[in-house]
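For reference, the chains in residue letters:
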Amino acid sequence: MKPKIKVFTLGGTIAMVSDGSERGVSPKLKAESLINAVPGISDIADIDPVTFRQLPSPSISYHDIFDLLSEIYRSLDNGTNGIVITQGTDTLEETSFLLDRIYTGQAPIVTTGAMRNPTLPGADGPSNILHAVMVAASSEACGLGVLTVFNGDIHAARFVQKGHTQSPAAFTSSPIGPIGWVSESKVRIISNLNKRYIIDLNNKIQLPKVALLKVSMGDDGSLIDTVIDKGFDGLVIEGTGGGHLPAAMVEKITKAVAKIPVVLASRIGSGELLRETYMFPGSEIDLMDKGIINSGLMNGLQAKIILTLLLANGVNTNTIISEFNAWLE
Ligand code: GLU
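Analysis parameters
Residues numbered from 1 in each chain as written. Predicted model: local features only at pLDDT ≥ 70, side-chain atom pairs only at ≥ 80, totals over all residues. Heavy atoms only, no water. Phe/Tyr/Trp six-rings, centres within 6.5 Å; stacked < 30°, edge-to-face > 60°. Helix = DSSP H or I, 4+ residues; strand = E, 2+ residues; numbered from the N terminus. Buried < 20%, exposed > 50% of the residue type's maximum accessible area, 1.4 Å probe, protein only. Near = heavy atom within 4 Å. Polar contact = N/O pair within 3.5 Å; in protein donor to acceptor, adjacent residues only side chain to side chain. Areas by Shrake-Rupley, 256 points an atom, 1.4 Å probe, with all protein chains shown as cover. Contact = heavy atoms within 4.5 Å. Pairing = 2+ DSSP bridges. Axes fitted to C-alpha atoms, helices over the stretch in contact; angles between N-to-C directions.

Visitor: A description of the packing of aromatic side chains should follow, citing residues and the corresponding values.
Guide: Here the structure, examined in full by the defined rule, presents seven aromatic pairs. Here Phe97 and Trp327 contribute two aromatic rings whose centre-to-centre distance is 5.9 Å and whose plane-to-plane angle is 20°, an arrangement assigned as stacked. Of this pair, Phe97 sits in helix α4 (residues 92-102) while Trp327 is found in the segment after α10 (317-326), placing the two residues 230 residues apart along the sequence. Accessibility expressed as a relative area gives 1% for Phe97, which makes it buried. With a centroid separation of 4.7 Å and an interplanar angle of 40°, the aromatic rings of Phe150 and Phe171 are classed as tilted. Placement of the pair is Phe150 in strand β7 (residues 146-150) and Phe171 in strand β10 (residues 171-173), with a sequence separation of 21 residues. Across the pair, Phe171 and Phe150 agree in class, each one buried.

Visitor: Explain the site of the ligand to me, using residue names and the numbers behind them.
Guide: Around the ligand, the surrounding shell consists of Gly12, Thr13, Met16, Pro56, Ser57, Pro58, Gly88, Thr89, Asp90, Ala114 and Lys162. One of the side-chain nitrogen or oxygen atoms of Thr89 is found 2.4 Å away from an oxygen atom of the ligand. Within the side chain of Asp90, one N or O atom sits 2.9 Å away from a nitrogen atom of the ligand. Taking 280 Å² as the accessible area of the ligand by itself, protein coverage stands at 85%.

Visitor: Describe in detail the environment of Met115, supporting the description with residues and values.
Guide: With respect to the helices and strands, Met115 occurs in the loop between β6 (109-112) and α5 (125-136). Taking relative accessible area as the criterion, Met115 reaches 12% and is therefore assigned buried. The spacing of Met115 and Asn151 is 36 residues in sequence and 9.8 Å in space, taken between C-alpha atoms. Other than its neighbours up to four places away in sequence, Met115 contacts Thr13, Thr89, Asp124, Phe150, Lys162, His164, Thr165, Gln166, Ser167, Pro168 and Ala170.

Visitor: Provide a residue-level description of the sheet that holds strand β14 (residues 234-239), including the pertinent values.
Guide: Strand order across the open sheet formed by four strands is β13-β14-β15-β16, with parallel pairing between neighbours. Of all the strands in the sheet, just β13 (210-214) and β16 (293-294) have a single pairing partner and so form its edges. Bridge analysis of strand β15 (residues 262-266) against β16 gives two bridges, and the strand direction is parallel. Bridge pairing links Val263 to Ile293 in β16. Sheet strands touched by helix α9 (residues 300-312): β13, β14 and β15. Its angle to β14, the strand with the most contacts, is close to 165°.

Visitor: Lay out the side chain of Ser173 with the relevant residues and their values.
Guide: Checked against the element boundaries, Ser173 lands in strand β10. Contacts of Ser173, omitting those with residues within four sequence positions, involve His155, Ala156, Phe159, Val160 and Pro178.

Visitor: Any chance you could break down the environment of Ser295 for me, citing the residues and the numbers?
Guide: With respect to the helices and strands, Ser295 occurs in the loop between β16 and α9. Note on Ser295: relative accessible area 1%, which makes it buried. For the pair Ser295 and Val50, spaced 245 residues apart in sequence, the C-alpha separation works out to 37 Å. Look past the residues within four positions of Ser295 in its chain and what remains in contact with it is Val263, Leu264, Ala265, Leu273, Ala303 and Phe324.

Visitor: Describe unusual backbone geometry, naming the residues involved and giving the relevant values.
Guide: A cis amide bond links Ser174 to the next residue, Pro175, at an omega of 5°. Following the sequence through the fold, Pro175 ends up in the loop between β10 and β11 (180-183). Although it is not a glycine, Asn151 adopts a positive phi angle of roughly 55°. Even without being glycine, Glu184 reaches a positive phi, approximately 45°. Among the structural elements, Glu184 can be located in the loop between β11 and β12 (186-189).

Visitor: Help me get a handle on the sheet that holds strand β8 (residues 153-156), residues and values and all.
Guide: Reading across from one edge, β4-β1-β5-β6-β7-β8-β11-β12 is the order of the eight strands in this open sheet, with mixed pairing throughout. Looking at which strands have only one partner, the edges of the open sheet turn out to be β4 (46-55) and β12. Ignoring strand direction, the axes of neighbouring strands in this sheet form an average angle of 25°. Looking at chain direction, β8 and β11 are connected through two bridges and run antiparallel. In the strand pairing of β11, Asp153 is matched with Trp181. Packing against the sheet, α4 makes contact with β5 (82-86), β6 and β7, and its axis sits at approximately 155° to β7.

Structure, rendered in structure tokens:
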């Protein structure tokens, strides 16, 4: 008996072509066409293709992912053994990370996409789908949450990042690297994730507004005032280096902390934030003393997703701090 794999397609480059009358490509292909372009796929699994959305991935919303998860649970209840999701690569790291935070099941969920659309030489969609199906059908992937399979590598959604605008090897995992790879007909998973971090969402999901700001040389913090004036419920700020701001921003960020939770991440996007090294106006020690929450291992995109989910659950600042710290235990 072959495993049953459901493939949900959401659009993205992997499903993008041009009808000839327009400049550039846009999402047009349905799930069946994506599957039909993959030689040998039916030898691996019984595939059930579903066109779930046809979007460029910057337009995928939190609610699209919540709806997708409901569909996933329905399919798993009806005997599906594993799930593959195809979508645009632009936000693949965010949707995969989000899904990984809220999915409580054991069956593999594998996300993938393509960097070269189906009209280009060397289109990578078919091989990525084949590998994603192989991983979704494998028992080794059970219990690992959401995985991203790209260019033959297997990444944990908790760590995956897009690191190149065009390369088919665009995806990396910081700080650990891929947890495995696909070799010929074999799925190799060589490192095990010791723990999954799941945020139980309340049934009624009212999404808060969380801003993400990146700090650069010469910033005076005016945008922080705008975040407060516009009624945002939380702020993630990507500081420089190990978690630093220009001194000129400190007064404004301190005022913001009195009103909303503010999480400090690093604009570098890789490595753990400092906690006890530097003491100057705007250093990590100074900012934490002022009540800013240290994002630990989370980059800005990940910290924004976690803060959004926690605020949606209505938790207080102490709980937010302990949730971020829990990732390092
Ligand atoms: N580069 C994107 C992709 O790989 C196109 C936009 C999108 O993310 O949908 O699919």
